[in-house]
Amino acid sequence: MKIIKVLITPIIQKHWFADLLFAILRFICGMLLAIDFGASKFGMPWTPDDRNLSFFEVVAWFPEDVASYGGIFAIAPVFFAWMGAFSEAVGGLLLAIGLKTRVASFLIMCTMLVAIFMQKWNQGTWGMLPAMGFLWISVYNLYLGSGRFGIDYLISKTLK
């Protein structure tokens, strides 16, 4: 129970405006991560070119991409692809609403580190910038938690 309290209880800023600013950034980045980056790894949204393909043909590109990283990723590419897609889509939604913020931030942080070093590294700074932005947001949310404008804050108040 103590570890749950530690994971859920956010650090509250001195002024509510700081918590609001962090919440706005958390929400925008979480929704962008879930809708724009995570959803595409599940084969959505469908494009006109995808209409004649099955769901499995559409999502097959991501495990192949993960396998090309080599090492442990080549051993279990489907597992790592689904973990990456899960952390972006579901973790992004959890981050946006401030639920299990630290756990979601940790998963997003791991995924973004893999994206930066295994996928985007040779594309230069501009190619790495989206993953770096999500990494920065996840690092400070890993430390701060949801702040006072998240579901974790409401849960932590009831646990006291």
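Basis of the calculations
Residues numbered from 1 in each chain as written. Predicted model: local features only at pLDDT ≥ 70, side-chain atom pairs only at ≥ 80, totals over all residues. Heavy atoms only, no water. Helix = DSSP H or I, 4+ residues; strand = E, 2+ residues; numbered from the N terminus. Contact = heavy atoms within 4.5 Å. Buried < 20%, exposed > 50% of the residue type's maximum accessible area, 1.4 Å probe, protein only. Core = buried A, V, L, I, M, F, W, Y, C linked by side-chain atoms within 4.5 Å. pLDDT = per-residue confidence, 0-100.

1. What to know about the side chain of Ser 156
And then number 1: Tracing the backbone shows Ser 156 in helix α9 (residues 151-159).
And then number 2: Once you skip the residues sitting within four places of it in the chain, Ser 156 turns out to touch Ile 8, Thr 9 and Pro 10.

2. Thoughts on unusual backbone geometry
And then number 1: Notably, Lys 100 is not glycine yet its phi reads approximately 50°, a positive angle.
And then number 2: The residue Lys 100 is located in the loop between α6 (77-97) and α7 (101-120) in this model.
And then number 3: Lys 100 sits in the partly exposed class, given a relative accessible area of 49%.

3. Some details on the nonpolar core
And then number 1: Core analysis: the largest hydrophobic core is formed by 14 residues, its most contacted members being Leu 33, Ile 108, Met 112, Ile 116, Ala 131, Phe 134 and Leu 135.
And then number 2: Residue assignment for this core shows that the elements contributing at least two residues are α2 (16-41), α7 and α8 (124-144).
And then number 3: Here this core gets 6 residues from one element, more than from any other, and that element is α8.
And then number 4: Apart from residues no more than four positions distant in its own chain, Leu 135 is found in contact with Met 109, Met 112, Leu 113 and Ile 116.
And then number 5: By size, the runner-up hydrophobic cluster in this structure holds 8 residues, among which are Phe 62, Tyr 69, Ala 85 and Ala 89.

4. A look at the confidence of the model for the chain
And then number 1: On average, residues of the chain carry a pLDDT of 88, and 89% of them reach 70 or more.
And then number 2: Averaged pLDDT values over the elements of the chain bottom out at 57 in helix α3 (residues 55-59) and peak at 96 in α7.

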